[in-house]
Amino acid sequence: MAAPGPAVGSGAVETCGLDQILEALKLLLSPGGSGSSSLQITKHDILLATLKSNLSALEDKLLKDPQWKKLKLLRDEIVNKAEWPQNSVDITWSFTSQALLLLLCLKETMTHLAAAFNPGKPNPKTPEVAPTLSPDTLSISQQKMVQSVLQFVVILGVCPYLMPGVGVPLRYRTEFGAVVQDVVRLDVAPHATRRLYTSCKALLSVGQHTSLGSLIFCRHFGDIAAGLCQLGFCPTKKPLIPMEEVLTEEERTVSRGALRDLLDQVYQPLAVRELLILQGGPPQSCTDVKTQLRCRAPAWLRRLCGQLLSERLMRPSGVQAVVRGILEGAGAGAAGGSDAEATAADWKKCDLIAKILAACPQQSLSPESYYRNICPQILDLFHFQDKLTVQQFQRVATTTFITMSREQPQLAAKYLLQPMLAPLHRCLNTAEVPENDIVPGTILVSEEELSRCIEDVFKVYVVGNEPLTVLLDSLLPVLGVLFSLYCFTKQSVSHIRSFCQEILLWILEKLERRKAISSLKGFAGLDKAIPSLHSLCQFRAATQGGIMITVKEAISDEDEDETLYQKLSSEQSQVEHLGDLLSHCQACGLAGDFFIFCLKELTHLAMESEAELKPKPFSSKSLLELEQHHATLVESQERKLLVLQLLAVLCERMSEQIFTNITQVVDFVAATLQRACVNLAHEAESTVESQTLSMSMGLVAVMLGGAVQLKSSDFVVLKQLLPLLEKVSNTYPDPVIQELAADLRITISTHGAFSTETVTVAAQSTLNKKDTEGKIGEQQISCNRYTEVAQSHLEQQLSCEQSSQTGQESNAAFIPMGISEPSTTANQQFGSITTEQFQEILLSAYDPQIPARAAALRTLSCWIEQREAKVLESQEQLLKIFLENLEHEDSFVYLSAIQGVALLSDVYPEKILVDLLAQYDSSKEKYTPETRMKVGEVLMRIVRALVFGGHNIFVCMWC
C-alpha cells in the first residue's frame, strides 16, 4: 500500500517537534472515569466517554493553543492528502482516525529530522565518547507511549473488522477487547471493510520508518497480516451498499502486493509462526461462541496460508525459518529459556515439522526439484552450534531424514543420503581414482568433513533407529571404509571411535543375517568383492586431533620390508578388532552365526582336494598359467590361515554364551560332525578330534535329556543331524562314539519318546551331575549292550570332568553355554596299554600345540586313576612332566597338570607330598611367582585330599 505522500508543508515540519506530537498522543490516551453503579454499563460508558472527551480535548488544544499551531498545520496537510474519512457517528472510528493521523505526523517529522541530521566527525582524542544520537531517536518512555497508541489503533481499527475465523477473536484476548467488540458500531458509515483497509494502509505507511516499523510489526504483525489476507483474498459477493464504501479491484490488488512485501521484509520465523496461527488448527464448532476459543479458519484462508508457507519454505534458508517459526515460541532460539529442554524432548513437534518438510508443495514444479532445493538445507540443520537450538534442530533433521526416506526413498537416497555419505564413497576401492593424476599426500577427505560425516550418519541411523530398506542399502557399500576407520581409531584416542562402533553394531544387527555375515566376511578379508578402502587411500592423524584421509606416499624399494610388516600387522589388528566388535554381538546371535560360518569354512577348506592344487608337469603349462596356479595356491593357503586366525580370536574373545538358541547349537554340532567325517575321509583322526566330537554329541544328549524344554519345531531342527550321526555311527573307529551316535539318532527320530541309557549317561556326565570325588563305582551301568570298552571310556570321562570345566577359559569357543568338555583317551581296554602307546603319550605331553598337550596330560591322569601298572612304574617321570607343565601360561595346560599331580598323590600321598614340599621350598629360585603359586595350589589340593581321606597329615609331613 502506498504512503499518503512524502510532501508536507516544509515550514510546518521544520518547526514541529517530536515532543508536541507525543504530547498530543498522550492527551489522546488520557484516562477517564464515571460514577455509574452498573459494572457492565460503566465499562462501555467509560470507554465511550473517555474516547469522546479525549478527542474534544485534542481539538481544543489544536484550535486554541498557539504552540500547537504548527502541529495543526501538519495534521491538516496530511488530512488533505488522505483519501479516507476521519469523522463518523461511531466514536471508536473517529478516535482511530485521529490516532492514525498523529502517527503519520510522527513518522513525517522523524523522517525529516533524520534527513537533516549531519553528525560531526568523531574526536580521535576522545574515542570513548559515545556518538551523537540521531534526533529522530525515541526514548524508552516515548517508545512506550507509541506502543500504547499502536495497541489502541489495532484493537479499535483492525481486530473488530476481521471475519469469523480470521485471526484470534478480539473478545477472547483481554477483557478490554471484549468491551471494544461490543461498543464498535458496524451499522454506520464508513463500511467495516473500508475502515480495515484504511487502518492497514496507514499502519503500513507508518511502518516505513525503521524505528516505528519495529514497534508495529514485532507486536502486531499477525493482526495486520490477517487484515491484508481478508482485504486481498477473501471471496467477494455482490455488495448491497454503494460501491464507494467497499474495495475496488485495484485496492484488492494493492492489498495482495502489500501482504507479500510485508512477508518478505519481516523476520521469517515470525512470518511462519503467524501464518500457522492464521491457518488454524483442527475443525471446531462455531455454534456457541462462548464455549469455543475460535472458529476454524475459512477454506480460502487455509489454502492461502498453505501457499504462503510453501513460499517461505522455498526461499533461501526457508527450512531454518520454518523450524524456528514452529519451535521458537516453545523455547528455542532467542525466545528460549527454561522451556528449551522440555521442547527438545517433544518428538511430536519434530514429527510435525518433518511432515511439513517432506510434503512437496503444489506450486513446486516436481517432487525432484523440491527435494533438490530443500535437502541441502536439511543437511545444514545438523551443524548448528547454538547450544539452545542444537538438540531441536538435530532431532528435526533426523526425523525429516526418516520421513523422507519412508515417503520418497529414491529421492531421499539421491539428495540426502548420497551427499551425506559422499566422503566415504570417495575412498571406496570401486571409486574411479586416477592413479596418475593424484599427487601423494593429497587430502581426499579433510578432518572436519570426515568428522561431520560420521556424526551425521550416527544421528540419522543410530539415533533415528529406523531400519528402512533405503537406509540400510545406502550404508551397506561404505561399511568396509567404516570398519577400516574404526580399526584406525582403536590405535589412539579419537572422539569418533564410539560413533563408528555404534554405527557398525547398529547396522549389523538390523541387516538380514545373510548380508550381515557377508559384511563380516568383507571385514575379515575373506570376501574381496565387498567394497573396502581404496588401495591408494590411507588414514592419517590430523592436526586438530581428528582423522583425515589422504593419498598414500610412493613406496621405495628400501621400505618394502617395512611395508610388508605394516600390512601383516594391520591384517592381524583388523582380525582382533573384528573379534572385539563381535563380542558386542553375542546377544543378537550374530557372533554365534559367524563362528559357525568359520567352522564350516574350515571344513570346506579341508574338503578341497590336494590334487587340484598340485601343479601339472611344467611342459604342459605356460608360464602365465603356472604363475596363476601358484597365485591360486597362495591365495588358498592365505584363506586357510585367515580362517584359523579368526577362529583363534573368536575363541579368545567370545564368552560361553556365544550360542543363543537351539538352531545355533545344532549348527555347531553339525559343523563338528561334518569336520569329523571329512577327517575320517582323509584318515586324519586325532585325540583332539575325538574330544571335540564327544563333547558336541554330549551337548545334544544334554538337550535331549531334559536340560532344555524342546518343542516339535526344535526336533525339526535336530533332524538335520540325522544323516551326519548315521555316517559317524557307521564309520568312526571309536565304538563308544559309534554307540552314542546311533542312540542319538534313535532319540531324535522318536522325538525323545525312546531314549537309551547311553544318552542319559552322556547327558548326566556332560552336565557334571556325577560324583566328582572319583567314586564312580557307586553308580552302576545297567545297559547289557555296553561293552567293557564303553564302561572304561565313561569312567575316564567322569573322572576328568573337573579338569575339563576349569579348561573352558582357553577352549571357550568349543564349549558353548557352559558345558564341560568330556574327556576322551586312547581307546584301549583296561590294563592293555603298550609301551609304544605310553611313550607316544609322554611325547605328546611336550607337544607345542596346546590341545594336544592338554589331551596327553588328561590321558595320563586317567591312566593314573585307573591304576595302570605300566604308568605307575614311572611315577617320578610323570611327576616331572606335570611339574614342568605347571610353568605353561595357558590355563588349559597347567590346570590339567595340577589335576594330574593331585591324582598321582592319591596313589603315593606321602612321597608326592614330600617331593612337592621340597619343590615349593626351592621354587623361589627355580620358578616364577606365577608357577610358585601353581605349586602352592597343588599342595593345597593334596593336603585337603589327605585330610578328608583319613591320612595323618602330620606324619606325612614329618616323613
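Just so it is clear, the structure is predicted and the values come from calculations on it, not from any experiment. (Residues numbered from 1 in each chain as written. Predicted model: local features only at pLDDT ≥ 70, side-chain atom pairs only at ≥ 80, totals over all residues. Heavy atoms only, no water.)

> Describe in detail helix α10 (residues 249-265), supporting the description with residues and values.
With 17 residues, α10 extends 25 Å between its outermost C-alpha atoms, agreeing within 8% with the 24 Å of an ideal straight helix rising 1.5 Å per residue. Every buried residue belonging to α10 is among Glu251, Arg252, Ser255, Ala258, Leu259, Leu262 and Leu263, and all of these are buried. Mapping the buried residues of α10 onto a view down its axis gives an arc of 130°, with all of them on the same face. Those residues of α10 that are exposed and aimed more than 90 degrees away from the buried face are Glu249, Glu250 and Gln265. Contacts from the buried residues of α10 go to α8 (192-206), α9 (210-233), α11 (268-279) and α12 (299-314). (Helix = DSSP H or I, 4+ residues; strand = E, 2+ residues; numbered from the N terminus. Expected span 1.5 Å × (residues − 1). Buried < 20%, exposed > 50% of the residue type's maximum accessible area, 1.4 Å probe, protein only. Arc of directions from axis to C-beta. Contact = heavy atoms within 4.5 Å.)

> Summarise the pairing of strand β3 (residues 547-551); cite the residues concerned and give the values.
Along β3, 5 of the 5 residues are buried, which leaves the element largely enclosed by surrounding structure. By the alternation rule, side chains of β3 split into Ile547, Ile549 and Val551 and Met548 and Thr550, which are all buried. The pairing of strand β1 (residues 443-445) with β3 spans 2 bridges and is classified as antiparallel. Of the residues in β3, the one forming a bridge with Val445 is Ile549. Of the pairings in the sheet, the one linking strand β2 (residues 537-541) to β3 comprises 5 bridges and is antiparallel in character. Residue pairing for β3: Gln538 is matched across the bridge by Thr550. Adjacent in sequence and paired antiparallel, β2 and β3 are bridged by 5 residues, among which Gly545 carries a positive phi angle near 90°. (Pairing = 2+ DSSP bridges.)

> Pulling in residues and values, what's your account of the pattern of salt bridges?
Across all of its chains, the model carries 23 salt bridges by this definition. In this structure, Arg406 and Glu466 form a salt bridge, with 3.5 Å as the shortest nitrogen-oxygen distance. Of the two residues, Arg406 sits in helix α17 (residues 390-407) while Glu466 sits in the loop between α19 (447-463) and α20 (469-475), which places them 60 residues apart along the sequence. Glu466 sits in the partly exposed class, given a relative accessible area of 28%. Across the pair Arg452 and Glu448 runs a salt bridge, and its minimum N-O distance is 3.5 Å. On the criterion of helical spacing, the pair formed by Arg452 and Glu448 is a turn pair, its members being 4 residues apart in helix α19. By relative accessible area, Arg452 is classed as partly exposed at 36%. Relative accessible area serves as the criterion here: at 56%, Glu448 is assigned to the exposed category. (Salt bridge = Lys/Arg side-chain N within 4 Å of Asp/Glu carboxyl O.)

> Any chance you could break down the nonpolar core for me, citing the residues and the numbers?
Counting 229 residues, the largest nonpolar core has Tyr461, Leu475, Leu582 and Phe594 as its most contacted members. Excluding residues within four positions of it along the chain, Leu582 makes contact with Leu520, Leu590, Ala591, Phe594, Leu650 and Met654. (Core = buried A, V, L, I, M, F, W, Y, C linked by side-chain atoms within 4.5 Å.)

> Before we move on, can you summarise the layout of surface pockets with the specific residues and values?
A volume near 1,900 Å³ is recorded for the largest pocket. Forming the walls of the largest pocket are 48 residues, and the residues nearest its centre are Lys552, Lys567, Ser570, Glu571 and Gln574. For the lining of the largest pocket, the secondary structure elements donating two or more residues are α21 (479-489), α23 (513-524), β2, α24 (560-582) and α27 (623-653). When its residues are assigned to classes, the lining of the largest pocket shows 19 nonpolar, 19 polar and 10 charged. (1 Å grid on protein atoms, 1.4 Å probe; cavity = no way out; pocket = protein on both sides within 12 Å on 5 of 7 lines; lining within 4 Å. Points joined across faces, edges and corners; volume = space filled by probe spheres on them. Nonpolar A, V, L, I, M, F, W, Y, C, P; charged D, E, K, R; others polar.)

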